[in-house]
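# Residue-level structural notes
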Protein chains: 2
Amino acid sequence: MTSILIKNACLLPIDETMSVVENGWVHVEGDAITAVGAGEPPAVDGAEVIDVGGDVVMPGMVNPHAHLAMALFRGLGEDVDDRLFRYVLPMERKFVTPDMVRVGTLLGALESIEGGVTTIADMYYYETEVGRALAHSGLRGVVGQTIATFDPPDHKTIDQGFALVEELVAEFFGHERIVPSIAPHAPYSTDVEVMARVVGWAHDHPHVPVQLHLAEMDSEMEWCRKHHGLRPVAVVEKAGLLIPGLIAAHCLHIDPFEIERMASAGVGVAHNARSNAKAGRGIAPVEAMRAAGIKVGIATDGPMSGNTLDLFAQFGPVSMFQKILGRSRKPMPAAQVIRMATLEGAQVLGLGDRIGSLEVGKKADLVRIDLSAPRMQPIYDVYATLVFSAMPVDVRDVMVGGRWIMRDRDVKSLERRKILRDAGQIATAFKAEMARIDAAQ
Amino acid sequence: MTSILIKNACLLPIDETMSVVENGWVHVEGDAITAVGAGEPPAVDGAEVIDVGGDVVMPGMVNPHAHLAMALFRGLGEDVDDRLFRYVLPMERKFVTPDMVRVGTLLGALESIEGGVTTIADMYYYETEVGRALAHSGLRGVVGQTIATFDPPDHKTIDQGFALVEELVAEFFGHERIVPSIAPHAPYSTDVEVMARVVGWAHDHPHVPVQLHLAEMDSEMEWCRKHHGLRPVAVVEKAGLLIPGLIAAHCLHIDPFEIERMASAGVGVAHNARSNAKAGRGIAPVEAMRAAGIKVGIATDGPMSGNTLDLFAQFGPVSMFQKILGRSRKPMPAAQVIRMATLEGAQVLGLGDRIGSLEVGKKADLVRIDLSAPRMQPIYDVYATLVFSAMPVDVRDVMVGGRWIMRDRDVKSLERRKILRDAGQIATAFKAEMARIDAAQ
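Residues numbered from 1 in each chain as written. Chains lettered and ligands numbered in written order. Predicted model: local features only at pLDDT ≥ 70, side-chain atom pairs only at ≥ 80, totals over all residues. Heavy atoms only, no water.

## Focus: the overall build of chain A
- Looking only at helices and strands, chain A has 15 helices and 17 strands in total.
- Each of the three principal axes of chain A carries a C-alpha extent, and together these read 65 × 50 × 45 Å.
- Looking at chain A residue by residue over its 441 residues, the buried ones come to 66%.
- Within chain A, contacts between residues separated by at least 24 positions form 72% of all contacts whose residues are at least 6 apart in sequence.
- Here chain A displays about 14,600 Å² of accessible surface, and carbon together with sulfur accounts for 52% of that area.
- Distance from the positive charge centre (43 side chains) to the negative charge centre (56 side chains) of chain A: 4 Å. (Helix = DSSP H or I, 4+ residues; strand = E, 2+ residues; numbered from the N terminus. Buried < 20%, exposed > 50% of the residue type's maximum accessible area, 1.4 Å probe, protein only. Contact = heavy atoms within 4.5 Å. Areas by Shrake-Rupley, 256 points an atom, 1.4 Å probe, with all protein chains shown as cover. Lys, Arg positive; Asp, Glu negative; His and termini not counted. Charge placed at Lys NZ, Arg CZ, Asp CG, Glu CD.)

So, in structure tokens, the structure goes:
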């Protein structure tokens, strides 16, 4: 069993007070954290000792909502209001195959690791491929097979969608890092009937988390009003899906009453600040949700929407947006942003007892971050530096379950050149299709 | 005279249509651009030929509003609503000396160069030191000596303030890269009398640009209403200071009528998206200002307010905020963000005929950016990649006036280790003072 002692760290354990432990150390044995402390650590026979020279060591970051394979669509049709119907849906129907999902997911996994993310909740098509790619990459994942009524690329009927979920669960149930999940797409793309069927299925599979998009768009508000005379959260509740552990992405259009309903139901929220803002949709009421007791994680959404899969790019927007809403510097302090990016994201995914903090008994998911670049100096508050100045390139090492998957910015688990070559070939086909679509308009 | 031929570039000349020139080249002789083209360049006797292998080559970025020396206050008192009066003003009065300004400016210059910024409009105290530090760093600068009535660190009276301006102008007038400037602080901190005196002085010094903070804060709105029964723009107009070439920073609180007044007066605006948002102040109406014909540049403000001095960190917020205001993906397209960061910023500073685009006859201020990292792949629109995915670390080389000041991320002109050591010493004194202030409260 491997034994690794990391010492001389600026340790951020993510405890109740968000304390900063100068000269801290962590002892990892096998896949778990077995001791944490400050000062000179006790000698441990046979341990590899790593002196990090004052670098930050903190839990690996948790991204609770992404569509990794959409890395292949990154920046496509930027600034075009109708790009969803003009490009994305037709191109997904044409190009989304198990192979495309595998390549896109590997590209997304590479970017995630290089940005210090160690756990990702994904939601896309052919999700078994996503699970395999994440397992191969060394990351931890909650992989959600999408179910929707809009004729998605991998199922024609809802029965077929459930069959894909069953396959996913059969392959990954009990896997050490990959948690299979079921993902009814959104209220408007499943309606109450499918969501109710998911509720029954989830009741019989209590360890399979449910993810969906919720209260994201004006058009969704309009659909829910027209078909049910209700707002989106009420439509989900009508279907019985407002259940403990539900992972709800977005949640922009929610009022104080709905916040109370979600809080008492035990729903978790994946906040996608950049994706929502880039689409001109608005700002989710994160401070109000957290004040009501809802756990809120920081997510990237798919790279088509948010462009990046690292959480650093989200930190500034997450904090600034709440300060704008609150007309003050005080909302969403930097330390709370880091809490959301780690422990709270893990709690949203139902993994709060396994990861998200540096505590004895938890899985050893951690990152080492070098804050020595001039653009971060001086440092008065390490959390402010992480939130407003640090970048993916500052992440040096990444460990998941006691295994280094990146050392000195070299991702050990993935073939970088092959992934980029494969992605480039698919992008060439996408460009040709865009040109064809534009010419036909 | 040096002769440098840069070829095989993804060239962004920043022309009328924001064209992207694949396989472009630029010829630099001495301090200027002497030819630009596409394809294989003609052979030039004696030229150093640099094949950039498809990297982006674009104009150096222009930061039209900063307080570089405040890099030493970066992140100090983050999230504290009254930090200006609790920490900043007392600490500035105690610690701002020519030496502190020199060290802080060098730290800020180092970060700016590493982020691809080649021109900075600064506004602080002991501004002659800023001019010297920028001249030494190889950057281009518009250096504004602050004048204010709140007993700032370097002048007790307005006469003394003007004397500092005269010294600054005497030292730098005619300098090839450093433009001296006069900076009445803001309407509430100069009042109409000082601003009117600046108008007279500026009339006698037509090549010295005027900078001020304008329409930034609720408290400024309140002050203007109370003392003049007017809004900030009207107070500046009353003083006669709404003059062509005025560099107005912030401009959050301006209405359509004021936008028209500023546009017809020929005022330029420095937009500080992150700084304004982090303070909870709101979003400046950038789309409306540009639609009215006002030139708007992208600025960082001081690193105490915005934390960073690179423009990449601003790009996302600049674009997202206008999309939120407009409730659509369309406002502030990526190409326009890059236009603001280069040519339009130069126009705001009155330097639009010298820098900001890659055109024959302009000064050779340019940057080379490597977009090959996985987090930026694939690339469908190079402007979207620059705005939403690129980071300072992707900038490889920086040239100002035909001289490389950074090659392969090595800043040639500055002593990095000495700057960081000096900055660290000052930060230690700041931390002790903060502890003293906190203990005394």
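Now that the structure has been shown, we can carry on.
## Topic: the interface of chain A and chain B
- At the interface, 61 residues of chain A touch 61 residues of chain B.
- In total, chain A and chain B occlude about 5,300 Å² of area from one another, counting both sides; carbon and sulfur atoms represent 60% of this.
- Taken as a group, A:D79, A:R329 and A:Y380 account for 17% of the area that chain A buries against chain B, more than any other trio of residues on that side.
- In this structure, the connection of chain A to chain B is made through four salt bridges.
- Across the pair B:R327 and A:D218 runs a salt bridge whose closest N-O atoms are separated by 2.8 Å.
- Applying the counting criterion to the chain A and chain B interface returns 20 residue pairs in polar contact (both at pLDDT 80 or more). (Buried area = accessible area lost by both parts, 1.4 Å probe. Salt bridge = Lys/Arg side-chain N within 4 Å of Asp/Glu carboxyl O. Polar contact = N/O pair within 3.5 Å; in protein donor to acceptor, adjacent residues only side chain to side chain.)

## Remarks on unusual backbone geometry
- Each neighbour pair has its own omega, and for A:Q377 with A:P378 the value is -10°, a cis peptide bond.
- Note that A:P378 resides in the loop between β14 (366-369) and α14 (382-388).
- Located in the positive-phi region is A:R327, a residue other than glycine, with phi close to 50°.
- For A:R327, a relative accessible area of 42% translates into the label partly exposed.
- Positive phi is not limited to glycine here, since B:A215 has a value of about 55°.
- Tracing the sequence through the fold places B:A215 in the loop between β10 (211-214) and α6 (218-228).

## Quick notes on the UniProt feature "domain: Amidohydrolase-related" (unreviewed entry) in chain A
- As recorded in UniProt, the sites labelled "domain: Amidohydrolase-related" (unreviewed entry) are residues 56-405 of chain A.
- Between the C-alpha atoms that bound residues 56-405 of chain A there is a distance of 17 Å. The span itself is 44% helix and 17% strand. (UniProt positions renumbered as here; feature names shortened; annotations may be inferred.)

## What to know about the packing of helix α2 (residues 98-114) of chain A against helix α15 (residues 416-440) of chain A
All names here are of chain A.
- Interhelical geometry of α2 versus α15 gives an angle of 125° and a closest axis separation of 9 Å. Considering the angle they form, α2 stands oblique to α15. You can see that α2 and α15 cross each other, and the crossing is left-handed. Only R416, I419, L420, D422, A423, I426 and F430 of α15 make contact with α2, whose side of the interface consists of M100, V103, L106, L107, L110 and E114. (Axes fitted to C-alpha atoms, helices over the stretch in contact; angles between N-to-C directions. Parallel < 35°, antiparallel > 145°, perpendicular 65-115°, else oblique. Left-handed = near helix turned anticlockwise from the far one by under 90°.)

## Re helix α8 (residues 256-265) of chain A
Residues and elements named next belong to chain A.
- For α8, the full list of buried residues reads E258, I259, M262 and A265. Down the axis of α8, the smallest arc covering the buried residues is 135°, so these residues share one side. Facing away from the buried side of α8 by more than 90 degrees, the exposed set consists of P256, F257 and S264.
- Buried residues belonging to α8 abut α7 (232-238), β12 (268-271) and α10 (286-291).
- The distance from a side-chain oxygen at the start of α8 to the backbone nitrogen of F257 is 3.1 Å, and the residue carrying that oxygen is D255. (Arc of directions from axis to C-beta.)

## Section: the relation of the copies chain A and chain B
- Overlay of chain A on chain B (RMSD 0.0 Å): rotation 180°, translation along the axis 0.0 Å. Viewed as a symmetry operation, the transformation between the two copies matches a two-fold axis.
- Of all interface residues in chain A, 100% are interface residues in chain B too; the two copies therefore contact each other through one and the same surface. (Least-squares fit on C-alpha atoms with pLDDT ≥ 70 in both.)

## Describing the domain arrangement of chain A
All names here are of chain A.
- Per the domain assignment, the segments making up chain A are domain 1 (3-59 + 357-411) and domain 2 (61-348).
- Each of domain 1 and domain 2 has a C-alpha centre, and these two points are 28 Å apart.
- With 30 residues of domain 1 at the contact, the number on the domain 2 side is 26 residues.
- Around 2,300 Å² of area is buried between domain 1 and domain 2 when both sides are counted, 71% of it from carbon and sulfur atoms.
- Applying the counting rule to domain 1 against domain 2 returns three residue pairs in polar contact (both at pLDDT 80 or more).
- Listed by contribution, the elements that provide at least two residues to the side of domain 1 that touches domain 2 are β5 (56-59), β14, α14, β15 (395-400) and β16 (403-407).
- It is α14 that provides the largest number of residues to the side of domain 1 that touches domain 2, a total of five residues.
- Class assignment of the residues belonging to the side of domain 1 that touches domain 2 gives a composition of 21 nonpolar, two polar and seven charged. (Domains from an automatic or database assignment. Nonpolar A, V, L, I, M, F, W, Y, C, P; charged D, E, K, R; others polar.)

## Some points on the sheet that holds strand β7 (residues 117-124) of chain A
All names here are of chain A.
- An order of β6-β7-β8-β9 is seen for the four strands of this open sheet, with the pairing classed as parallel. A single partner strand is all that each edge strand has here, and the edge strands are β6 (61-66) and β9 (178-184). Direction aside, neighbouring strands of the sheet carry axes that sit 15° apart on average.
- Bridging between β7 and strand β8 (residues 140-147) involves six bridges; their strand directions are parallel. Across the sheet, I120 pairs through a bridge with G141, a residue of β8. (Pairing = 2+ DSSP bridges.)

## What to know about the packing of α2(A) against helix α3 (residues 127-137) of chain A
Residues and elements named next belong to chain A.
- Between α2 and α3, whose axes approach to 9 Å, the crossing angle comes to 35°. For the pair α2 and α3, the crossing hand works out as right-handed. Contacts between α2 and α3 involve P98, V101, R102, T105, L106, A109 and I113 from the former and E129, V130, A133, L134, H136 and S137 from the latter.
- Taken together, the residues that form the contact of α2 with α3 break down as eight nonpolar, three polar and two charged.

## A short note on the sheet that holds β12(A)
All names here are of chain A.
- Here four strands make up an open sheet; going across it, the order is β10-β11-β12-β13 and the pairing parallel. Of all strands in the sheet, those bounded by a partner on one side alone are β10 (211-214) and β13 (296-298). On average, each strand axis in the sheet is inclined to that of its neighbour by 30°, with strand direction left out of account.
- Relative to β12, strand β11 (residues 247-250) is paired through three bridges, and the arrangement is parallel.

## Things to note about helix α1 (residues 83-95) of chain A
Residue and element names in this part refer to chain A.
- Of all the positions in α1, only R83, Y87, V88, M91, E92 and F95 are classed as buried. Seen along its axis, α1 keeps its buried residues to an arc of 105°; they face one direction.
- Those residues of α1 that are buried lie in contact with α2, β7, α11 (303-306) and α15.

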